[in-house]
Amino acid sequence: MKTMDSIFLFVFGLVLWTIGTIYYAYAAPAMLETGALRFWISFSTAPVLSAGICIAVVRRRRIPASQWASAMLLIALPGMVGEAVVLTHLSTFMPRLQAATGGPYGAFLFAAYALALGAAEVVTLRAQPESLLH
């Protein structure tokens, strides 16, 4: 992967996390605190959407399949670090969320990161020669 791709992916991850955090600071109460059906719809669609965006960016940058795991990690790291700060100071960064919603919000984030990183890992493993997989 080129240095500029690495920088772009990291900055993209930072921008994506910032936009997502601002969005959820306002929209999360409606998605996470208004009932089970709305929660599960959001919980199942948002990670797929965010992973899809990340996969599209990695494809658009023409990152070789053997480097997708590293590329997706570059996208995910700013958000993972940022969310650690947000979750430990939930009332400061997300004052509209009830404290009890911190757990479901954390699970929501975990699902999104796990799906994106997991998909990238599968692509990377499939790109490896057979001799490396045994």
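Please refer to the structure higher up on the page.
Parameters at a glance
The numbering scheme is per chain: residues are counted from 1 as the chain's sequence reads. Only residues with pLDDT of 70 or above have their local features reported here, since the model is predicted, and side-chain atom pairs are shown and tallied only from 80 upward, although totals for entire chains, interfaces and linings are computed over all residues. To obtain the side-chain values, all non-hydrogen atoms of the structure were used and water was disregarded. Each helix is a run of DSSP H or I of at least 4 residues and each strand a run of E of at least 2, with the numbering of both proceeding from the N terminus. Here, expected helix span is obtained from the residue count minus one, scaled by 1.5 Å. Burial classification: accessible surface area is computed with a 1.4 Å probe over protein chains only, and a residue below 20% of its type maximum counts as buried, one above 50% as exposed, and the rest as partly exposed. Contacts are assigned to residue pairs that have any heavy atoms within 4.5 Å of one another. We count Lys and Arg on the positive side and Asp and Glu on the negative side, and we leave His and both chain ends out. The salt bridge criterion pairs a side-chain nitrogen of Lys or Arg with a carboxyl oxygen of Asp or Glu, the two atoms within 4 Å. Two distance rules govern patches: like charges are joined within 9 Å, and nonpolar side chains (Val, Leu, Ile, Met, Phe, Trp, Tyr) within 5 Å, applied only to residues with over 30% relative accessible area and no salt bridge. Accessible areas in this description were obtained via Shrake-Rupley with a 1.4 Å probe; residue shielding takes into account the shown protein chains only. To qualify as a nonpolar core, a set must consist of buried Ala, Val, Leu, Ile, Met, Phe, Trp, Tyr and Cys residues joined through side-chain atoms within 4.5 Å.

**Here we look at helix H2 (residues 36-60)**
Taking 1.5 Å per residue, 25 residues should reach 36 Å; H2 reaches 36 Å between its end C-alpha atoms and fits that length. Listed as buried for H2 are Phe 39, Ser 42, Phe 43, Ala 46, Pro 47, Ala 51, Cys 54, Val 57 and Val 58. Lining the buried residues of H2 we find helix H1 (3-32), helix H3 (68-88) and helix H5 (102-127).

**Side note on the side chain of Glu 83**
Checked against the element boundaries, Glu 83 lands in helix H3. Buried and unpaired, Glu 83 has no salt bridge, with Arg 96 as the nearest side chain of opposite charge at 16 Å. Ignoring any residue separated from it by four or fewer positions in sequence, one finds Glu 83 in contact with Trp 17, Thr 21, Tyr 105, Leu 109 and Tyr 113.

**What about a nonpolar patch on the surface?**
Taken together, the side chains of Met 4, Ile 7, Phe 10, Val 11, Val 15, Ile 19, Leu 73, Leu 77 and Met 80 make up a nonpolar region of the molecular surface, amounting to roughly 790 Å² of accessible area. Listed by contribution, the elements that provide at least two residues to the nonpolar patch are H1 and H3. At 6 residues, the largest contribution of residues to the nonpolar patch is made by H1.

**With respect to the environment of Ile 53**
Of note, Ile 53 is situated in helix H2. For Ile 53, a relative accessible area of 36% translates into the label partly exposed. Taking the C-alpha atoms as reference, Ile 53 lies 16 Å from Glu 121; in sequence the two are 68 residues apart.

**Observations regarding unusual backbone geometry**
The backbone of Arg 62 shows a phi angle near 55°, a positive value even though the residue is not glycine. Note on Arg 62: relative accessible area 70%, which makes it exposed.

**A closer look at the nonpolar core**
Counting residues in hydrophobic clusters, the biggest one holds 17 residues, and the most contacted among them are Tyr 24, Leu 32, Met 94, Leu 97, Tyr 105 and Phe 108. Elements supplying a minimum of two residues to this core: H1, H2 and H5. With 7 residues, the top contributor of residues to this core is H1. If near-sequence neighbours (up to four positions away) are discounted, Phe 108 is found in contact with Tyr 24, Leu 32, Ser 42, Phe 43, Ala 46 and Pro 47. The next biggest cluster of nonpolar side chains, apart from the first, holds 13 residues, and it includes Val 58, Ala 71, Met 72 and Ala 120.

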